[in-house]
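Summary of structural features
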Amino acid sequence: MKNAQTMPATARLARRARAFEHSPWSAAEGLGDRHPDPIYFGNGAPGVEAQPIERLQWAAARAWAEAGGQLDYGELAGWPPLREYVCQRMTLRGIAAGPDDVLITNGSQQGIDLIARLMLDPGDRIIVEGPTYIGAMQTFDAYEASYLTCSVDEHGLCVDALEQILRESTPTPKLLYTIPTFQNPTGFSMTSERREAIVALCERYGVLIIEDDPYGEIYFGSEPPAPALRSLSERVIYLGTFSKTMAPGIRVGWMAPPPDLLGLLLMAREGADIHGHRIVTRTVYHAAQDFLDEHVERIRAHYRQRRDVLVDVLRAGMPDGVSVSEPGGGFFVWCELPEPWSTDDLLRHAATFGVLFLPGSWFYPDYAGPPRGLRLSYSSLPLDRIAEGGKRLAEATRDFMESRRPPR
Ligand SMILES: Cc1ncc(COP(=O)(O)O)c(C=O)c1O
């Protein structure tokens, strides 16, 4: 028998631990050593200039001053005034909910985790968009979910494909995870017609929808995007966050679940981390009050300018056949190479030109989707770096496609 003292701790891992063996973020950034000054388009976070740090500092001082002896355990669902405030914010997305309908979370990532914790047994089926947000799959992997991937086009999740999945899958999937507005990674948004059709289909088949909406307020046109799915049905778990409109490091988001799930989600939360941070939730409330509307307006212009620079430089420089999206909001431009080129190969080539992105295949279960797409995040880079990075990517793509011409 093996001596227990020499046995590595990793010999006793859970089966699901293989989900934690790969970090896509470090895999892309790791290629940065191929150039002295690489430009990394992988970071989907707000730029520092768009984070209201001074306002948060002021609000934090106020939160601490108020706290007095209030740092005991408590406020499982979150500080009531903040719950009321997020309900006001949700009206911007067409949602009517009261403070007793919501739960404040440590970012929407925790919302995804709590839902998976509550709903998924190993092997349970979940429908995700193809492509979808990597971080959500990292969570679903941890609960050993099994995936069904539904295609997405520039009008959002494809209704016919969803209907086919629902018709053909036995047992019926439990959950649909979707980012209907300025999707990660494509930047595409679902039309109103599709929103209605998808909600109706899921209700018909008894599938619960997780609507992840971190980018819904960051739109570039004069009109806000179509109302949230949650405005159409209470059978939708809505996830909101201050990560993109304020700063991701504060880790404050919220969820509005179907009313009959709330109590169980609260208990799931208690078992996860007991409750959220009592100072930080007050800080976010004070920072947001009488400030966030104007701030969001400013950052819309800030990100729109970044989008314009990136789209212009890519459209001017990319070889024929490469598509470049022009997102109506959010943080991401999505490009597609023509057949038969792969962005997995392009990434290694582009690294030598000093530009890095996340290849489309990584946004699918097991990091193994179709290899034509790529995601560029313009949210955190300065304008001159976006322009230079876009130019480098166009040059790298041209060189890549010319040097590896497919046989006729
Ligand atoms: C679609 C999506 N959901 C959730 C998150 C995580 O958000 P939070 O910081 O609120 O946990 C992100 C962050 O990139 C995201 O793009």
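Refer to the structure above for everything that follows.
Only a predicted model underlies this, so the values are computations on that prediction, with no experimental measurement involved. (Residues numbered from 1 in each chain as written. Predicted model: local features only at pLDDT ≥ 70, side-chain atom pairs only at ≥ 80, totals over all residues. Heavy atoms only, no water.)

**Quick notes on the overall build of the protein chain**
Test applied: The helix and strand labels rest on DSSP assignments: H or I over at least four residues marks a helix, E over at least two residues marks a strand, and numbering proceeds from the N terminus. Any residue under 20% of the maximum accessible area for its type is buried, any over 50% is exposed, and the rest in between are partly exposed; the area is computed with a 1.4 Å probe on protein chains only. Here, residues are in contact when the closest pair of their heavy atoms is within 4.5 Å. Accessible areas in this description were obtained via Shrake-Rupley with a 1.4 Å probe; residue shielding takes into account the shown protein chains only. Charge assignment in this entry is limited to Lys and Arg as positive and Asp and Glu as negative, and neither His nor the chain termini are counted. Taken as the charge location is NZ of Lys, CZ of Arg, CG of Asp or CD of Glu.
Per the secondary structure count, the protein chain includes twelve helices and 14 strands. Along the longest, intermediate and shortest principal axes, the C-alpha atoms of the protein chain span 70 × 55 × 55 Å. Per-residue burial over the protein chain gives 56% buried out of 408 residues. In the protein chain, 76% of the contacts between residues at least 6 apart in sequence involve partners at least 24 apart. Within the structure as shown, the protein chain displays about 17800 Å² of accessible surface, and the carbon and sulfur contribution to it stands at 50%. One way to put it: in the protein chain the 41 positive side-chain charges average out to a point 4 Å from where the 53 negative ones average out.

**Section: the sheet that holds strand 3 (residues 125-130)**
In plain terms, the rule: Here the rule is simple: two strands pair whenever DSSP picks up at least two bridges between them. To get an axis, fit a line to the C-alpha atoms, keeping to the stretch in contact for a helix; angles then go from 0 to 180 degrees between the N-to-C directions.
If you walk across this open sheet you meet the eight strands as 2-9-8-7-6-3-4-5, and the pairing is mixed. Two strands lie at the open edges of the sheet, namely strand 2 (103-105) and strand 5 (156-157), each paired on one side alone. With respect to the sheet, helix 6 (residues 159-168) is in contact with strand 3, strand 4 (146-153), strand 5 and strand 6 (175-178), its orientation differing from that of strand 4 by roughly 160°.

**Remarks on the pairing of strand 7 (residues 208-212)**
Short version of the rule: By convention a crossover is right-handed if, when the strands point away from the viewer, the path from the first strand over the helix to the second runs clockwise.
Among the five residues in strand 7, five count as buried, and that is most of the element. The side-chain alternation of strand 7 yields two buried faces, one formed by L208, I210 and D212 and the other by I209 and E211. Regarding topology, helix 7 (residues 192-205) serves as the crossover connection from strand 6 to the parallel strand 7, and that connection is right-handed. Note that strand 7 and strand 8 (residues 236-241) share four bridges and pair parallel. What sits directly across from D212, in strand 8, is L239.

**A few points about the nonpolar core**
What counts is decided by this rule: Buried Ala, Val, Leu, Ile, Met, Phe, Trp, Tyr and Cys residues that are joined via side-chain atoms within 4.5 Å together make up what is termed a nonpolar core.
In terms of nonpolar packing, the biggest core is built from 46 residues, with L310, L314, V333, L376 and L393 touching the most fellow members. Elements supplying a minimum of two residues to this core: strand 1 (39-40), helix 10 (292-317), strand 11 (332-336), helix 11 (343-352), strand 12 (355-356), strand 14 (373-377) and helix 12 (383-403). Of the residues forming this core, the biggest block, six residues, is contributed by helix 10. Not counting residues up to four positions away in its chain, the partners in contact with V333 are L310, V311, L314, V324, S325, P327, L374, R375, L376 and Y378. Core analysis: the second largest hydrophobic core is formed by 30 residues, A77, A136, F140 and L175 among them.

**Describing the packing of helix 6 against helix 7**
The condition is simple: Should an angle fall under 35 degrees it is called roughly parallel, over 145 degrees roughly antiparallel, and 65 to 115 degrees roughly perpendicular, with every other angle called oblique. Three categories are distinguished: nonpolar for Ala, Val, Leu, Ile, Met, Phe, Trp, Tyr, Cys and Pro, charged for Asp, Glu, Lys and Arg, and polar for the others, with Gly belonging to the last.
As a packed pair, helix 6 and helix 7 sit with axes 10 Å apart at the nearest point and diverge in direction by 5°. With respect to helix 7, the axis of helix 6 lies roughly parallel. For the pair helix 6 and helix 7, the contacting residues are V159, L162, E163, L166 and R167 in the first and R194, A197, I198, L201, C202, R204 and Y205 in the second. Across the contact of helix 6 with helix 7, the residue classes break down as eight nonpolar, no polar and four charged.

**Describing the sheet that holds strand 13 (residues 358-359)**
Pairing between sheet strands relies on hydrogen bonds along the backbone, with the strands arranged either parallel or antiparallel. Spatially, 10-11-14-13 is the arrangement adopted by the four strands of the open sheet, whose pairing is antiparallel. Each of the sheet's edge strands pairs with one partner strand only, and the pair in question is strand 10 (323-324) and strand 13. Strand contacts of helix 10: strand 10, strand 11 and strand 14, with the helix running at about 15° to strand 11, the strand carrying the most contacts.

**Section: unusual backbone geometry**
Put simply, N184 and P185 share a cis peptide bond, and its omega is 20°. At the junction of E339 and P340, the peptide bond is cis and its omega measures out at 0° in the coordinates. The residue P340 is located in the loop between strand 11 and helix 11 in this model. Unusually for a residue other than glycine, E144 sits at a positive phi of about 60°. Tracing the sequence through the fold places E144 in the loop between helix 5 (134-142) and strand 4. Its identity as a non-glycine residue notwithstanding, Y367 has a phi of 55°, on the positive side.

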